[in-house]
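Analysis of the macromolecular model
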Amino acid sequence: MSAISVHDLTRRFGDFVAVDRLTFEVREGEIFGFLGSNGAGKSTAIRMMCGLLKPSGGTATVGGIDVGRDPEGVKRRIGYMSQRFSLYERLTVDQNIRFFAGIYGLRRDRLETRRRFVLEMSGLQSREHVRAADLAGGWRQRLGLGCAILHEPPIVFLDEPTGGVDPVSRREFWRLIDGLSARGVTVLVTTHYLDEAEHCHRVAIIHGGRLAALGTTAELKRAFHGRTIIEVHAGRPVDAMRLLDDMPDVEKTSVFGTAVHAVVSMKPGEAARTIRERLEGGGVAVTRLGPVEPSLEDVFLDVAERATQ
Amino acid sequence: MRTTNGMKALAVARKELRQIVRDRRTLVILLVLPVFFLLLYGYALNWDIRHVRIAVDDRDHSAESRSLVSAFVNSGYFDLAAAADDRTIRTLLDRSEVRAILIIPSGLGRAVRTARPIAVQVLLNGDNANTATTVMSYALTIVRSESARYQPTAAQPLVSVEPRIWYNPELRSTLFLVPGLIAYITMITAVVSTALSIVREKERGTMEQVRMAPIDAGPFVVGKTIPYFAISLVSALGIVIAAMALFGMPMRGSWLVLLLALSLFLIGALGIGLFISSVADTQQVAFQAAMLASFLPTFMLSGFIFPISSMPPFLQVVTYAVPARYFLRALRAIVLKGTGIETVWQDLAALVGFGLAVLTLAAVRLRRQWS
Ligand SMILES: Nc1ncnc2c1ncn2[C@@H]1O[C@H](COP(=O)(O)OP(=O)(O)OP(=O)(O)O)[C@@H](O)[C@H]1O
Ligand SMILES: [Mg+2]
């Protein structure tokens, strides 16, 4: 059975469609990534799945319960961490944990076990009496996660949990997510960091409220099948790009660091040869050139571009 | 289920109390500001008054009348500003050129010499009741001591004062105003603090996190208001005690009845705060709405400053929806007259009614937003 099953989920704000007929399933124990640019509709979709926002259409079944029919039942089975840090800044770590345990109705014994678990998991043992406001970004997010899973929910929604957090803390945080998943918890997580998407079992790319692509990262990259990405390191990248854009077989070009990526509808060997001839014929010195695996960024940009057209 | 809800409400209350204690500003607003307000308003109303501009209409022109006028001037309380006659009396008072007018009837000298009682008139501008009371008592003292000079042993003073107060004939005294201040200050702090506390959670996003927990709007709201209720009650009692100590307000009735009246009034105030928090989305809007909803009606429509009986009929009807109207009447009765529950129960019942109505309204709105 799927942990989450979403069918034609839609949300309008006035005339504006923020989420448009979203349909997908998330398997139990899966880490499911939500990728999409700002305003793509990720948070709106999550808030509907959590029962915080009424859908304009479609259904969402979470943990076997229809959110539209029984939002309270869903809330008992899920953990949710909203995009903004939303703990009480004036309270200490311990007081925050006790408050959320209290409103989740945890009794004394369970409260103590869970409290200790959360402190240990987040590495906040020695910071129990620090005010949440005084915690550094990474610690805050871990405390947020801890408070969201006090009641041991089998399904967890994390809305951009690593926004504005340094790389080391991000890696720490993802270890926690992996740990949850290893214990069978289903995690739906949104992110802007494409390297984080590689941690997900499957990713959905949301664009303009719609599902633009869905699959494992390997599957998404394979969507480039039949096309090749040639990475070009050239002395004058701008001129190189202009020449490439004029070639009929080049679908599009984009800048990747100091290199230029060209998407070509040819086999790798042939593509590399044609491009080298064209560039050198056009007077651009090529330092290095060859086919590369599409990165998730290539895929993301490609999907976004095609969805816009 | 019931005990779980109770426990959850308790968790919310404990959290709220911790937040308040850690937030100096809220604590000051709730506990210190009210007494400060009382001092500010109370003393502003009760300022020692000197150099009151007075006009004299001497219709006697005798040695005795001149002596009375100099007694007024020499007292230091009055400055002789003008001579008045029949025609100028009204304009002098209307234009506030003088606060009081002393009218000495013709025949004062003869009356004193023949030991016949006679009254001088003092016209007072009563728009500021406290000033008027004070000025009146100065005038009385001066006239009495003048009268004593002619006939030291008389049981009835030979010259008496016939006061005529214009604009505010009931002449509400400071004592009459202090209960109004108590109502006014309690109302403002209770409404503002409750409204802000919930809207703050909306604004900061903690509300959304709380809504994810299996807690109903009911226990959440109860838990959030308990600390404010308790603190507001303490604060209100503080004002009552301060008013007794500083302004000599008596406490003639039962403390139990007073506590009951305060509690019922506070429940209504918290209800207004909750209702505002269900309408407003930002603290700024909530603050303004809370000030408006508590300040205006309590100040203008409760009988605090302006007697309800002298309002236009339409406004008189509106005052029935102002809880301070009932509270004020009950408070004055308990504190000043010492009446018991048997006389104030109607006002208390009205407070219960108001509380129920506004709490229901707020609960319906908050619950709708909750899910
Ligand atoms: N309550 C609302 N009223 C009106 N429009 C809204 C509301 N909530 C969201 N929107 C709009 O819906 C769109 C999707 O917003 P959403 O927050 O879901 O995007 P997102 O993918 O989470 O973006 P981000 O990555 O910036 O968090 C945005 O254009 C936003 O302005
Ligand atoms: Mg978002």
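Residues numbered from 1 in each chain as written. Chains lettered and ligands numbered in written order. Predicted model: local features only at pLDDT ≥ 70, side-chain atom pairs only at ≥ 80, totals over all residues. Heavy atoms only, no water.

This brings us to the packing of helix 13 (residues 323–337) of chain B against helix 14 (residues 341–370) of chain B. Residues and elements named next belong to chain B. The N-to-C vectors of helix 13 and helix 14 enclose an angle of 150 degrees; their axes lie 9 Å apart at closest approach. With respect to their mutual orientation, helix 13 and helix 14 come out roughly antiparallel. Crossing of helix 13 over helix 14 shows left-handed handedness. Of helix 14, the residues touching helix 13 (which contributes P323, Y326, F327, R329, A330, A333 and I334) are V344, D347, L348, A350, L351 and F354. Residue composition of the contact of helix 13 with helix 14, by class: 11 nonpolar, no polar and two charged. (Axes fitted to C-alpha atoms, helices over the stretch in contact; angles between N-to-C directions. Helix = DSSP H or I, 4+ residues; strand = E, 2+ residues; numbered from the N terminus. Parallel < 35°, antiparallel > 145°, perpendicular 65-115°, else oblique. Left-handed = near helix turned anticlockwise from the far one by under 90°. Contact = heavy atoms within 4.5 Å. Nonpolar A, V, L, I, M, F, W, Y, C, P; charged D, E, K, R; others polar.)

So, on to the coordination of the magnesium ion (ligand 2). Residue and element names in this part refer to chain A. Protein-derived coordination of the magnesium ion (ligand 2) comes from S43 (OG) and Q83 (OE1), at a distance range of 1.9 to 2.2 Å. One end of the pair, S43, is in helix 1 (residues 42–49); the other, Q83, is in the loop between strand 6 (78–81) and helix 3 (93–103), and 40 residues separate them in sequence. The exposure class assigned to Q83 is partly exposed, which follows from its relative accessible area of 39%. (Donors = N, O, S within 2.8 Å, 3.2 Å for Na, K, Ca; no water. Buried < 20%, exposed > 50% of the residue type's maximum accessible area, 1.4 Å probe, protein only.)

The subject of this paragraph is the interface of chain A and chain B. Taken together, the contact pairs 28 residues of chain A with 26 residues of chain B. In total, about 2,800 Å² of surface goes out of reach between chain A and chain B, with carbon and sulfur atoms giving 56% of it. Of all residues in chain A, Y88, R90 and I103 of chain A bury the most surface against chain B, accounting for 25% of the area lost on that side. Counting the contacts that link chain A with chain B gives two salt bridges. Taking the shortest distance from any N to any O, the salt bridge between R90 of chain A and D23 of chain B comes out at 3.7 Å. (Buried area = accessible area lost by both parts, 1.4 Å probe. Salt bridge = Lys/Arg side-chain N within 4 Å of Asp/Glu carboxyl O.)

Turning next to the domain arrangement of chain A. All names here are of chain A. According to the domain assignment, chain A contains domain 1 (2–215) and domain 2 (222–307). The straight-line distance from the C-alpha centre of domain 1 to that of domain 2 is 38 Å. Taken together, the 10 residues of domain 1 in the interface contact seven residues of domain 2. Counting each side, the surface lost to burial between domain 1 and domain 2 is near 710 Å², with a carbon and sulfur contribution of 87%. On the domain 1 side of the contact with domain 2, L194, I205 and H207 bury the most area, a combined 60% of that side's loss. Where domain 1 touches domain 2, the interface holds zero salt bridges. Our count for the contact surface shared by domain 1 and domain 2 stands at zero residue pairs in polar contact (both at pLDDT 80 or more). Of all the secondary structure elements, the ones that give two or more residues to the side of domain 1 that touches domain 2 are helix 7 (194–197), strand 9 (202–207) and strand 10 (210–215). Here the side of domain 1 that touches domain 2 is built from residues that sort into six nonpolar, three polar and one charged. (Domains from an automatic or database assignment. Polar contact = N/O pair within 3.5 Å; in protein donor to acceptor, adjacent residues only side chain to side chain.)

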